[in-house]
Structures are given as C-alpha cells and as structure tokens.
Amino acid sequence: MAAYLCPPAVIHGEHSVETSQIVAEVRDRHPHAAWAPRIDGIAASTGIETRGWMLPLETAVAPGNGNALHAVGVGPAQEALARDGFAQQDVDRVIAALEAIPAPQTVQERTAPAWEAVQVYGEHAARGALQAAGLDVADVDCLITSHSTTPALPGLDIALTNKLALRDDVILLPATQWACIAGTRSLALAADLVAADPDRVVLVVIAEALSTTYQPADDTIESLIVRLLFADTAVAAVVTGRPRRESVLRLDSAWHHTLPGTQDLHRLETRADGNHFVMDRRGPRAVQETVTAMWEWLRVRYQDDPDSWHPDVLLAHPGGTRVLEYMEQTMPDAWPSGLLDYSRDSYTSGNRGGAAVFDILRRAHDAGQKPGSRAVLYAAAPGLTATALEGEWL
C-alpha cells in the first residue's frame, strides 16, 4: 500500500460557543421538557466546555424571515376564517397576531450561510496543507472532498477547484456522504490512487459545519445531546506515493467494515427547517461491533508477532466517549495505556465528524512521535460503516 501523509492543516470554527450558553438557550426555550431538570448533568457528562463554530450561536437560533402565515399566505387564511364565521374585525386581529409570530428558519436560510463558510474554511485548510507539504496548487493531481452537513451541487470539489485555481485535468472525487469516516476513508482512497501512480499528489479536504444540526425547536433528549456535541472544523492533508521530506506518516494497510441493517441508527435528515441529526440509543452498541471487528483485523495482520506488536498511538473517532471507553476495555491487556489520549483530548472541544481523525492526527504530530512508532487510525459513521488504517511514523 505504502502511501505517505504530510502534516494535516486544521482550521477550527472561529466562534467559541460555551456549553453554558447552549444550556441557557435550551432551558429558556424548553423549560417543561422531561429532561429539563437533568440538563446540567447531561451537559457535564459530555466533557465539553466549549466548541468552535463557523457561525455564531445567534445565527443558529435566530428566527426565519417569514412568519406563521408564510406557508399558506394571508389571502387563504382570511378566507378560511371568514368561512368559519369570524367577523372581519376578528379576522384582522387573528391575521395580525399570526403575522407577528416568527417562523423557524427555512432550510435555505439555515444552510446557505454555512455552505459559504464551509467553502472559505475549506480553502484555508487546503492552502495550509499544501504549504505544510512544500507543494503548490499546480502540483495537485487529485482532489478528494467531503462536506456532509452542507449539501450542494456543484460541491466543495468544484468550489475549491475555482478558489485554488487547480489545473483543469485534476481528478475530482467528491464524497459528501462519508460523514464521520471521511478522514480515514479518504486516506484509504488516496493510498489506492498513489499505489496506481506513485507520482500522483492527492489533496484531501474535509469541511464540516456540524452546527447546522442545532435545531432550536426540537425537544427530544437526543436533540439536546446533538446540540452539545458538535463542532465545526475544516481539515486538509496531502498524500503522495513517494516519501517527501515533509512526510510524517506512512500508511501501510486499510480495512473497511459495514454492518448490514444498521442504516437507521444514525442519520441526517433534511427537513423544511434544515438538517436534523437523528440518533438511536442502540448506536453505540453497534459501533462497538465494528471495534471488535477491527481488533480481529489487527490480530490476523500481526498473528506472527502476537506478543510484541501493538500500536503506539490509536487515533480513533468512534462518535463518542462511550465507545472510546469500550475500546480501552476490549483492547489486549498487553497493550500500553494512554493509546487514546489524543482522541480524548480532541473530544473535549467537540465532535468534529469527518474532520475528527485529522484533528486527532495533528495533535499527535504536534506532541512529537518517534520514527518507527506504529499508528492505527479508526472511524465509524452512519451506515453503520467503519474504516481503519495502520501505518508507521516517519
């Protein structure tokens, strides 16, 4: 496989959103929700005190430009009231009251500014990754992109082609539905591309505005957790088929796994008022199954050296801290402790979705890794599907 990864660029959301702000906003909006008395404990259990968003919290909770009559219109509403026997004075009073009620943001109002931000952040990350690799935009032969939370056609691949002024023969591979596995699966695809042509230069860019899933009207406990978890991030990295002075990690093998019949456990739904991330409480248990399958892949891969081989760092994005705990509980006893420290550190400022593994990788790189140390990268995503890679620090 032998693909070489240069240091990733990570651009965090510039607007700091405190957990206390989210708790106050939700408590004010849903004071009678069944979980309202437990909201402080639920928020504390995430371990997240602040996260970065591409747009401020005020943008997410603002009302839309329409009102309660937006869907049906004033005329039909007046006619319906008149048919029900309302006097004209009462009709006018009701219409005025409905016009004063703000409507929720539409999907267009919610998504459009986030899509603009995703493009800007993606460009900054791309330029940062190229600089870290010591390359120019003219060196890029292939561009892989992902941005699951801001659906657009054309997508981020075309936007970056124009913003970066890439060559017109660059291979464009948009993968907008990879979601949380965008980091690992894009690297696996990039490794296949450079294996076919070692002179290829592949640029990976992932930009996620997960804050678009913050839905003020939702009053389920799952929606509360979504509000508390997600952060916005753009990341990028360069993969080459030959080692460079700037290369930091050699990717040696990849593994993919999909659980049939689990497509409804986690999903993104686009409704009239925007994106809703829907979670099922059975999700973590299903993700654990992919972790068990990954352990088996590594066991078979290193069955000739079962006693001495272990990763020196595990860069994992399983969607939440519960599965991180499961990973620690189920990894071989002989493996050293602290393998997931960088993953846990990343989670303290939010779940970054498809950008998470690159953020975790950057933290490990910045902390310094010994050449020859082994790394395992893992991520799971709605589907449920997972991808892992194994490699060596250079």
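Criteria and cut-off values
- Residues numbered from 1 in each chain as written.
- Predicted model: local features only at pLDDT ≥ 70, side-chain atom pairs only at ≥ 80, totals over all residues.
- Heavy atoms only, no water.
- Salt bridge = Lys/Arg side-chain N within 4 Å of Asp/Glu carboxyl O.
- Helix = DSSP H or I, 4+ residues; strand = E, 2+ residues; numbered from the N terminus.
- Buried < 20%, exposed > 50% of the residue type's maximum accessible area, 1.4 Å probe, protein only.
- Expected span 1.5 Å × (residues − 1).
- Axes fitted to C-alpha atoms, helices over the stretch in contact; angles between N-to-C directions.
- Parallel < 35°, antiparallel > 145°, perpendicular 65-115°, else oblique.
- Left-handed = near helix turned anticlockwise from the far one by under 90°.
- Contact = heavy atoms within 4.5 Å.

(A) The arrangement of the pattern of salt bridges in detail. Going through the model one piece at a time under the given rule, you end up with 23 salt bridges. Between Arg93 and Asp90 there is a salt bridge, with its nearest N and O atoms 2.7 Å apart. Within this pair, Arg93 and its partner Asp90 are both found in helix H5 (residues 88–99), separated by three residues, close to a single helical turn. In this structure, Arg352 engages Asp359 in a salt bridge whose closest nitrogen and oxygen atoms are separated by 3.5 Å. A relative accessible area of 4% places Arg352 in the buried class. Salt bridges here are not isolated pairs; linked through shared partners, they connect Arg250, Asp252, Arg301, Arg374, Glu390 and Glu392.

(B) Representation of helix H13 (residues 356–367) within the structure. Between its terminal C-alpha atoms H13 stretches 17 Å, which fits the 16 Å expected from 12 residues at 1.5 Å a residue. Within the span of H13, buried status applies to Ala356, Val357, Phe358, Asp359, Ile360, Leu361, Arg363 and Ala364. Looking one or two residues beyond H13, the residue adopting positive phi is Gly368, at roughly 95°.

(C) Region of interest: unusual backbone geometry. A cis geometry characterises the amide bond from Leu153 onward to Pro154, with omega recorded as 0°. One can find Pro154 in the loop between strand S5 (142–146) and helix H7 (156–164). With omega at -20°, the peptide bond leading from Gly383 into Leu384 counts as cis. Its identity as a non-glycine residue notwithstanding, Ala165 has a phi of 60°, on the positive side. Mapping Ala165 onto the fold places it in the loop between H7 and strand S6 (171–174). Judged by relative accessible area, Ala165 falls into the exposed class, the value being 57%.

(D) Geometry of the packing of helix H1 (residues 19–29) against helix H9 (residues 221–229). The N-to-C vectors of H1 and H9 enclose an angle of 150°; their axes lie 10 Å apart at closest approach. With respect to H9, the axis of H1 lies roughly antiparallel. Crossing handedness for the pair H1 and H9: right-handed. Here H1 contributes Thr19, Ile22, Val23 and Val26 to the contact with H9, which in turn contributes Leu224, Arg227 and Leu228.

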